[in-house]
Each structure stands twice: as C-alpha cells, then as structure tokens.
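The residues making up each chain are set out below.
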Amino acid sequence: MQNYKKFLLAAAVSMAFSATAMAETLKMGIEAAYPPFNNKDASGQVVGFDKDIGDALCAKMKVEKCEVYVSDWDGIIPALNAKKFDFLVSSLSITDERKQAVDFTEPYYSNKLQFIAPKATDFKTDKAYLSGKTIGAQRATLAGTWLDDRNMEDDYNVKVSLYDTQENAYLDLISGRVDGILADKYVQYEWLKSKDGSNFEFKGEPVVESDKIGIAVRKGDPLRERLNKALAEIKADGTYKKINDKYFPFSIE
C-alpha cells in the first residue's frame, strides 16, 4: 500500500510538472495609440479591435496567458524581431517591404486610404488644388508611403508633415497647421464621430481601395500557422463578427 501511495504521489507530481511545462505565455505587440483599433482606456489598460482579436486568437490556441507589450509605432517591427513580443497585432498593412522583415498571417481585415479635411473647404485631391498645401500622415504607415511614392513634395508642390502618432496629426489638423490628412478610413471614421472631428469630413474617393491588414511574426516562426488556424476558427464560429460589430456598424473583413 505504501508503495502504491508513493506511486500515486509521483504520478501526481509528474502530471503537475508536465502541465507546468506545457503552459504557454505569448506576448502580443500593440501600438496603443490608434483608436478604435488600439488605444488605452481611462485606467491605462490597452483596449480596441486589435486587442480583442489578439485575445480571441490566444483563447482559440489555448494559450494560458496572453500578455500585451506596448511599443512605439516607429520601432514596432524591430521590437518584434528583437523578441520583445511574439506576434504583432496592430493594424499593420501587408506590404512587400515589410514582408522582407517579417512573416504575415492571412489578412484579418481590409482597409482603405482616404483624405479628410475641414467641411468648409472644397478640398480636392488633384495636382492643381494640392499645390502649396500641407498634408499630414503618420510616419511609417501606408499613408506616408503613398505620399512618398508619388513624390508629392516635388511633383505636387505639397508639404508633407509626418507624425509619430495619428493623434498628433489630428491636433495639427484642428489647429490648421495642415490642410488635410491621409490615413486609414476606418480610423478616421471613428475620429470624425468625435467632438474634435465634427468639423471635418472625408474628401474625394479612397486613394487605396484594398489595404490588407495582417498579424506579423518573426520570419519562419511556426506561430504564423497557429494564428492562421485560430483566425479561421474565430471567423467560422461568429467570434470575429461579434468583435467587428462592437466597433463598426459594417463589416471590415
């Protein structure tokens, strides 16, 4: 009997050790300055669409603990590659340039790029109107790249002002230091509903219609396939739609 009890005790210890060894903690990287996709609430907690998607994916992957690591936008990909966190879910556009540095999952939403400007202005996106104007965009984003690729400063005589956060771009728009802003449509959609954004509106048609947003992992990381599987599952079981509907009255998938 004593030997049997010792066996049971050893088995219990072994099982507890195995469970501990199998416990997994993953860190998600988020900018936390890009509402409604990612920002901080009044208590300083990270919230938003990206955070909810990351939590849902961790739940599907049965990760015991999913932590948030906040990173400035300019250094967010280097921070991923420096292993500060395991995956990056922060509204990152899938581009060929970024694919050289990281691997992406399948897109988890689609976006558009569009200008906003004061309602009182007859803002246009043609060369004649934009000449002499100042346009703002967040640095190291698809919007900033779009303006740079079109050589707006030299070919259009446009002054391009780049900002470390989208919120700082809005501050200069409100103060009149920029004539318009180019950014993700769904981010601007949220801001236009606010008191600060009430005197502004979308101008012209989107300049990019299909901007695919993905989750980034380090090159060759098998976590990518686990995330893809979990993403397909939350779309199939309705979890994705619930998160979508929490933030938008239309599908952004």
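Every value quoted in this text rests on a predicted model; they were computed, and no experiment measured them.

1. Side note on the state of the cysteines
Scanning all chains against the criterion turns up 1 disulfide. A disulfide bridge connects C58 with C66, and the sulfur atoms are separated by 2.0 Å. Since its relative accessible area comes to 2%, C58 is described here as buried.

2. Brief notes about the UniProt feature "domain: Solute-binding protein family 3/N-terminal" (unreviewed entry) in the protein chain
With numbering matched to this structure, UniProt assigns "domain: Solute-binding protein family 3/N-terminal" (unreviewed entry) to residues 25–251. Secondary structure over residues 25–251 splits into 35% helix and 31% strand, and the C-alpha atoms at its two ends are 31 Å apart.

3. So, the packing of helix α2 (residues 49–60) against helix α10 (residues 223–236)
Two numbers describe how α2 lies on α10: the axes approach to 9 Å, and their chain directions differ by 105°. Viewed along their axes, α2 and α10 adopt a mutual orientation that is roughly perpendicular. Contacts between α2 and α10 involve I53, A56, L57 and K60 on the former and, on the latter, L227, A230, L231, E233 and I234. For the contact of α2 with α10, the class distribution of residues is 7 nonpolar, no polar and 2 charged.

4. Overview of the nonpolar core
One finds F37, F49, F87 and Y108 to be the most contacted residues of the largest nonpolar core, which totals 44 residues. The residues contacting F49, other than those within four sequence positions of it, are P36, F37, Y108, Y109, Y240, I243, N244, Y247, F248 and I252. By size, the runner-up hydrophobic cluster in this structure holds 15 residues, among which are L113, A117, I135 and V208.

About the criteria used
- Residues numbered from 1 in each chain as written.
- Predicted model: local features only at pLDDT ≥ 70, side-chain atom pairs only at ≥ 80, totals over all residues.
- Heavy atoms only, no water.
- Disulfide = S-S within 2.5 Å.
- Buried < 20%, exposed > 50% of the residue type's maximum accessible area, 1.4 Å probe, protein only.
- UniProt positions renumbered as here; feature names shortened; annotations may be inferred.
- Helix = DSSP H or I, 4+ residues; strand = E, 2+ residues; numbered from the N terminus.
- Axes fitted to C-alpha atoms, helices over the stretch in contact; angles between N-to-C directions.
- Parallel < 35°, antiparallel > 145°, perpendicular 65-115°, else oblique.
- Contact = heavy atoms within 4.5 Å.
- Nonpolar A, V, L, I, M, F, W, Y, C, P; charged D, E, K, R; others polar.
- Core = buried A, V, L, I, M, F, W, Y, C linked by side-chain atoms within 4.5 Å.

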